[in-house]
Amino acid sequence: MSIKINYNNNISKKSITNLILFSGENFNITGLKKYLSNMEFLYINDLLKNSDLKKNLLFFEVNSKKKIFLVSIKKNLDASDVESLGAEFHGYINYEKKNDYFVSSDSINSKFENFLGYFLHGLKLKSYEFNIYKSKKDKNIISINVIGNKNKATIQNELRFKAIEEGTFFARDLVSEPPNVLNPKEYVNRLLKLKKFGIKVTVYNESHMKKLGMHSLLGVGRGSINESFLVTLEWNGNKKDKKAPLSFVGKGVCFDTGGISLKPAKFMEEMKYDMAGSAVVAGLIQTLAIRKAKTNAVGVVGLVENMPGGNAQRPGDIVKAYNGKTIEVLNTDAEGRLVLADALSFTEAKFKPRFMIDLATLTGAIIMALGEEYAGLFSNNDGLSDKIFKVGEKVKEKVWRLPLHNNYDKLINSTIADMQNINYSGGAGSITAAQFLQRFVSNKTPWAHLDIAGMAFSKKAANLNPGGATGFGVRLLNQLIEEHYE
C-alpha cells in the first residue's frame, strides 16, 4: 500500500467521495459553507453538537457514498503539531478499499506557512510499511488529491519533504531487513547504490582494516563467516566551503548474538536492529544528497556480525584499536563500543571534522533510564549538545543529556590494558559506555553520542512512526544541519 499526492484544480464536486476540510478551533465550520451543500452543512452542524470537540479529527458519513473529514486547526501550532495531525489522519484511511481522498487547500485558515505540506508529510511518514516478504501484497494506491495549484513555495518544500521521507524510509528498510538477507556484504551493496545521488562511497574490507590497525572493530566480527567492513559516505554539497565537514558515525552490527557472551534466547530476534545507528547515518546522508544540501558531510559506518564460533573473540582477549590504545574485552556482548572506537578515531584522523555525532543502539541501560521517549545524549561540548537538544524538541525526536565525568573512568580502567570494555562494578551502564567512547575522541573535536537503543524500534505505533523501525535520528540531524550548518 502506498500513498500518492496529486494536485488538481479541475475536480468535479460530483466525483468527490472522501472530502478533507480544515475547520477552525473546536470544529467551527462557519467558514466552510462554500465547500458543502446546504443539507451537508446543516447535518454536520447538528451532529457536532453531540461530538467530542476535544478531538483533532472527526468524520461524518453524509450519505452512502460520501464521507467528510474535519480537521480542527488549533491556534499556535508548530510544524511538529501539523505533522502529527497528518499522522493521526492516517488512522482514518480505509486501506481495504481503493478510495481517493480529496483535500481542499483553500479551506485552510491558518497563519502557519505551508500547513498542508506539513500535514501531508506527517501522513506519508506514518504510512510506511515493510511487507516485501509477504506472499500476498496489497497493491492498492491511495490517492490524496489536492484541490488547488502548486506554487513555488509548495514545490520547494515538496522536495525537502520527499528527501526526508526517502532518507527515513531507507533507514527503516535497512533496520527491518532480516539478518539472513542484510549481512555486512549485502549492506555494502546497498550503500554502493547511493552513488547515484552523487555520494562518494568508499569501502574498507578486512584486509584494508588490518593494515590500518582497526583490531577493535575486526575482533567483533571474528566469529562470523561474513566479512566485516567500514564504509564512508561523503556528500560535498558546498565545494566553496573550506571548513571541515560535519561527520556522523554509526554502529552497524547486522546481528548481535552477544558472541561468546551469548544473549538469552528470548527476544534475540530483535538483535537484527543492532545496526540502526548506521542505518540512520546512511538515511541522513541520502536525505542531504536528495535535497542538495549546501553543506559538506561524511557518514562512517562499521558493519559487522557478532557471532559465536571457533574463531570468535573471547572474554579476556586484549585488542589494539586504531588509535593505538589497548582494550581488555571482558564481555563480547559489549561489542558496539568496540566497533565505534575504531570508527570514531578513524573519522577524526582522516576527515578532521567540525564535529562528530555517533548513533548506536548501545545499551539496554538507556531503555531502563529513558524508555521509548528520549534517546540518551552524551557530549564533550555544551554548544553542540544544546543545539541537538533544542532541535530534538522541535521535531519531536527528543534527546536527554546525561553526564560524563572523569570519576567514571576508574570503572573502565583495566589492570592489564589501557581500558576494559565493561564496568564490572555495576550501575551507570550507559554512562560508562559513553565514557569508553570518549577515549577515542580528541578533546579538540566537539563530539556527541546518541544512544538510540530505546528509540530505533517500537512495538507500538507512536507519533509519526508505525510499529517497527522508526528511522529515529534522520529528521533530528537533518534539522540540525538546516538550522545551524547551511
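Whatever comes next refers back to the structure up there.
Cut-offs applied
- Residues numbered from 1 in each chain as written.
- Predicted model: local features only at pLDDT ≥ 70, side-chain atom pairs only at ≥ 80, totals over all residues.
- Heavy atoms only, no water.
- Pairing = 2+ DSSP bridges.
- Helix = DSSP H or I, 4+ residues; strand = E, 2+ residues; numbered from the N terminus.
- Axes fitted to C-alpha atoms, helices over the stretch in contact; angles between N-to-C directions.
- Left-handed = near helix turned anticlockwise from the far one by under 90°.
- Contact = heavy atoms within 4.5 Å.
- Nonpolar A, V, L, I, M, F, W, Y, C, P; charged D, E, K, R; others polar.
- Parallel < 35°, antiparallel > 145°, perpendicular 65-115°, else oblique.
- Phe/Tyr/Trp six-rings, centres within 6.5 Å; stacked < 30°, edge-to-face > 60°.
- Buried < 20%, exposed > 50% of the residue type's maximum accessible area, 1.4 Å probe, protein only.
- Polar contact = N/O pair within 3.5 Å; in protein donor to acceptor, adjacent residues only side chain to side chain.
- Right-handed = clockwise from strand over helix to strand, strands pointing away.
- Core = buried A, V, L, I, M, F, W, Y, C linked by side-chain atoms within 4.5 Å.
- Salt bridge = Lys/Arg side-chain N within 4 Å of Asp/Glu carboxyl O.
- 1 Å grid on protein atoms, 1.4 Å probe; cavity = no way out; pocket = protein on both sides within 12 Å on 5 of 7 lines; lining within 4 Å.
- Points joined across faces, edges and corners; volume = space filled by probe spheres on them.

Participant: How would you summarise the sheet that holds strand β11 (residues 317-320) if you had to cite specific residues and measurements?
Facilitator: Judged by pairing direction, the sheet is mixed, and its three strands sit side by side in the order β11-β12-β16 without closing on themselves. Every interior strand has two partners, whereas the edge strands, β11 and β16 (419-420), have only one. Alignment of strand β12 (residues 326-329) against β16, held across two bridges, turns out to be parallel. Across the sheet, the residue bridging to Ile327 is Met419, located in β16.

Participant: Lay out the packing of helix α11 (residues 382-395) against helix α13 (residues 474-484) in plain terms, naming residues and giving numbers.
Facilitator: Describing two packed helices takes the angle between their axes plus the distance from one axis to the other. Packing of α11 against α13 brings their axes to within 9 Å, and their N-to-C directions diverge by 115°. Crossing hand, α11 versus α13: right-handed. In contact with Lys387, Ile388, Val391, Gly392, Lys394 and Val395 of α11, α13 contributes Arg475, Leu476, Gln479, Leu480, Glu483 and His484. Partitioning the contact of α11 with α13 into residue classes produces five nonpolar, three polar and four charged.

Participant: Before we move on, could you go through the sheet that holds strand β6 (residues 141-147) and cite the residues and values that matter?
Facilitator: Sheet strands pair via backbone hydrogen bonds, and the direction of the pair is either parallel or antiparallel. Across the sheet, six strands lie side by side as β1-β6-β5-β2-β4-β3; this open sheet has mixed pairing. Unpaired on one side and paired on the other, β1 (2-7) and β3 (57-61) mark the two borders of the sheet. For this sheet, the mean inter-axis angle between neighbouring strands, taken without regard to orientation, is 25°. Inspection of the sheet shows β3 paired to strand β4 (residues 67-72) by five bridges, in the antiparallel sense. When the bridges of β4 are listed, Phe60 appears paired with Ile68.

Participant: Just give me the short version of the packing of helix α9 (residues 336-351) against helix α12 (residues 429-438), but keep the residues and values in it.
Facilitator: Contact pair α9 / α12: the axes reach a minimum separation of 9 Å and the direction vectors enclose 30°. Relative to α12, the element α9 lies roughly parallel. Crossing handedness for the pair α9 and α12: right-handed. Between α9 and α12, the residues in contact are Arg337, Leu338, Leu340, Ala341 and Leu344 and Ala433, Phe436 and Leu437, respectively. Among the residues forming the contact of α9 with α12, the class breakdown is seven nonpolar, no polar and one charged.

Participant: Describe the environment of Gly310, with residues and values.
Facilitator: Tracing the backbone through its elements, the reader meets Gly310 in the loop between β10 (296-306) and β11. With 86 residues separating them in the primary sequence, Gly310 and Ser224 have C-alpha atoms 9.4 Å apart.

Participant: Pulling in residues and values, what's your account of the packing of aromatic side chains?
Facilitator: Inspection of every chain in the model, using the stated rule, returns 22 aromatic pairs. Aromatic side chains Tyr204 and Phe346 sit 5.3 Å apart centroid to centroid with 75° between the ring planes, which places their arrangement in the edge-to-face category. Linking Tyr204 in strand β7 (residues 200-204) with Phe346 in helix α9, this pair joins segments that are 142 residues apart in sequence. With relative accessibility at 3%, the residue Phe346 sits in the buried group.

Participant: Provide a residue-level description of the side chain of Ser345, including the pertinent values.
Facilitator: Secondary-structure assignment places Ser345 in helix α9. Residue classification places Ser345 among the buried residues on the basis of a relative accessible area of 6%. A polar atom in the side chain of Ser345 sits 2.9 Å from the backbone oxygen of Ala341. Separated by 3.4 Å, the side chain of Ser345 and the backbone oxygen of Asp342 make a polar contact.

Participant: With reference to specific residues and values, describe the pairing of β10.
Facilitator: Most of β10 sits inside the fold, with eleven of its eleven residues counted as buried. Neither face of β10 is open: one carries Asn296, Val298, Val300, Gly302, Val304 and Asn306, the other Ala297, Gly299, Val301, Leu303 and Glu305, and all of them are buried. In this structure, strand β8 (residues 229-236) lies alongside β10, joined through eight bridges in antiparallel fashion. Residue Val231 lies in a different strand from β10, and its bridge partner there is Val301. After leaving strand β9 (residues 246-256), the chain enters helix α8 (residues 276-290) and then returns to the sheet as β10, a path that is right-handed.

Participant: So what's going on with the nonpolar core? Which residues, and what values?
Facilitator: Formed by 56 residues in total, the largest nonpolar core has its most connected members in Leu191, Phe248, Ile357, Ile388 and Ile452. Among the elements that make up this core, the one with the highest residue count is α8 (nine residues). Apart from the residues within four sequence positions on either side, Ile388 is in contact with Ile357, Leu377, Val399, Ala448, Leu450, Leu476 and Leu480. One finds Ala341, Ala360, Leu362 and Trp447 within the second-largest nonpolar core, a separate group that totals 35 residues.

Participant: Go over the pattern of salt bridges, please, and point to the residues and values.
Facilitator: Overall, the coordinates contain 25 salt bridges when judged by the stated rule. Between Lys124 and Glu165 there is a salt bridge; the shortest N-O distance is 3.4 Å. You can see Lys124 sitting in helix α3 (residues 115-126) and its partner Glu165 sitting in helix α4 (residues 152-176), a full 41 residues away along the chain. The salt bridge partner of Glu234 is Lys200, with a shortest N-O separation of 4.0 Å. Here Glu234 is found in strand β8, whereas its partner Lys200 is found in strand β7, with 34 residues between them in sequence. Through salt bridges with shared partners, a single network forms among Glu83, Glu397 and Arg475.

Participant: So, empty space enclosed by the protein: which residues are in play, and what are the values?
Facilitator: Counted by the stated rule, this structure contains one cavity of 30 Å³ or more. Within this model, the largest cavity holds a volume of roughly 50 Å³. Lining the largest cavity are Gly219, Val220, Gly223, Gly259, Asn306, Met307, Ala312, Gln313, Thr332, Glu335 and Leu338. Looking at side-chain class alone, the lining of the largest cavity contains four nonpolar, six polar and one charged residues.

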